[in-house]
Amino acid sequence: MKKDLNGKSLEKITKYIIKNYHDSNRKVLEKLKFMINDINDEDIKLYPKLQYLNELFLQFKSEYLKHMEKEELITFPTIIKYEKIFKSDKKVLPNDIKLNYIEMKNEHDVFGSYLVSINELFKVEGLNKKIKKLAKMFYDIQENNLYHAELENNIVYPSWNDLQNKLFSKK
């Protein structure tokens, strides 16, 4: 899914993130929910650490979904609006408050911590096929989250912050 996004507009990058990360992550989270519900007492006897999986997953999923929703409903539209204003001849700013990208960056670290904790639960010998598949899905979502966060933290948010600073310094 990695794509060279250098030189692309923030609008194109945010649309790419939604399509390739947010939408696909929602689908994976639904699959994971059903797979976790399929873990039974026999599995927990074999792999006792899995007793913590559902709770960690629910916390992670809740925070992750809230974050993506905030980006899609508030953060990304604001970034796109400011980018369009900056590129226009008339730099008329709305009375919006400057958004704090540090908060959004910090949330990526929280998701990473959840995923590290979840993936630690699978670090045992002799996982059966069902649990290996579940572990692989969590590993994949962790890798996906790393690149997703890298795009936002290293391209979108710094560009957004620079754009905000330029726009608001002219106000």
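I will try to describe carefully the structure that is included in this document. (Residues numbered from 1 in each chain as written. Predicted model: local features only at pLDDT ≥ 70, side-chain atom pairs only at ≥ 80, totals over all residues. Heavy atoms only, no water.)

### A word on helix α5 (residues 129-169)
Taking 1.5 Å per residue, 41 residues should reach 60 Å; α5 reaches 58 Å between its end C-alpha atoms and fits that length. Its side-chain oxygen at 3.2 Å from the backbone nitrogen of Lys-130, Asn-128 defines the N-terminal cap of α5. (Helix = DSSP H or I, 4+ residues; strand = E, 2+ residues; numbered from the N terminus. Expected span 1.5 Å × (residues − 1). Polar contact = N/O pair within 3.5 Å; in protein donor to acceptor, adjacent residues only side chain to side chain.)

### Quick notes on the environment of Ser-62
Secondary-structure assignment places Ser-62 in helix α3 (residues 53-87). C-alpha separation for the pair Ser-62 and Tyr-47, spaced 15 residues apart in sequence, amounts to 25 Å.

### Points about the pattern of salt bridges
Note on pairing: side chains with opposite charge can pair once their charged atoms come close. The tally for this structure, following the rule as stated, stands at 12 salt bridges. Among the ionic pairs, Glu-11 bridges to Lys-15, the shortest N-O distance being 3.3 Å. Here Lys-15 and Glu-11 lie together in helix α1 (residues 10-37), a separation of 4 residues that amounts to about one turn. A salt bridge links Lys-84 to Glu-11, with the shortest nitrogen-to-oxygen separation between them at 3.9 Å. Of this pair, Lys-84 sits in helix α3 while Glu-11 is found in helix α1, placing the two residues 73 residues apart along the sequence. What makes Glu-11 partly exposed here is its relative accessible area of 21%. What you see here is one network of salt bridges that share partners, running through Glu-11, Lys-15 and Lys-84. (Salt bridge = Lys/Arg side-chain N within 4 Å of Asp/Glu carboxyl O. Buried < 20%, exposed > 50% of the residue type's maximum accessible area, 1.4 Å probe, protein only.)

### Points about a positive patch on the surface
On the surface, Lys-27, Lys-31, Lys-129 and Lys-133 cluster together to form a positively charged patch. One can find Lys-27 in helix α1. Residue Lys-27 is classed as exposed on the basis of its relative accessible area, which comes to 59%. (Patch = residues over 30% accessible without salt bridge, like charges linked within 9 Å, V, L, I, M, F, W, Y side chains within 5 Å. Areas by Shrake-Rupley, 256 points an atom, 1.4 Å probe, with all protein chains shown as cover. Lys, Arg positive; Asp, Glu negative; His and termini not counted. Charge placed at Lys NZ, Arg CZ, Asp CG, Glu CD.)

### A few points about the packing of α1 against α5
As a packed pair, α1 and α5 sit with axes 10 Å apart at the nearest point and diverge in direction by 155 degrees. The orientation of α1 with respect to α5, classified from their angle, is roughly antiparallel. Every pair of crossing elements has a handedness; the one defined by α1 and α5 is left-handed. Broken down by class, the residue content of the contact of α1 with α5 amounts to 20 nonpolar, 8 polar and 4 charged. (Axes fitted to C-alpha atoms, helices over the stretch in contact; angles between N-to-C directions. Parallel < 35°, antiparallel > 145°, perpendicular 65-115°, else oblique. Left-handed = near helix turned anticlockwise from the far one by under 90°. Nonpolar A, V, L, I, M, F, W, Y, C, P; charged D, E, K, R; others polar.)

Any functional reading would require information beyond the geometric quantities listed.
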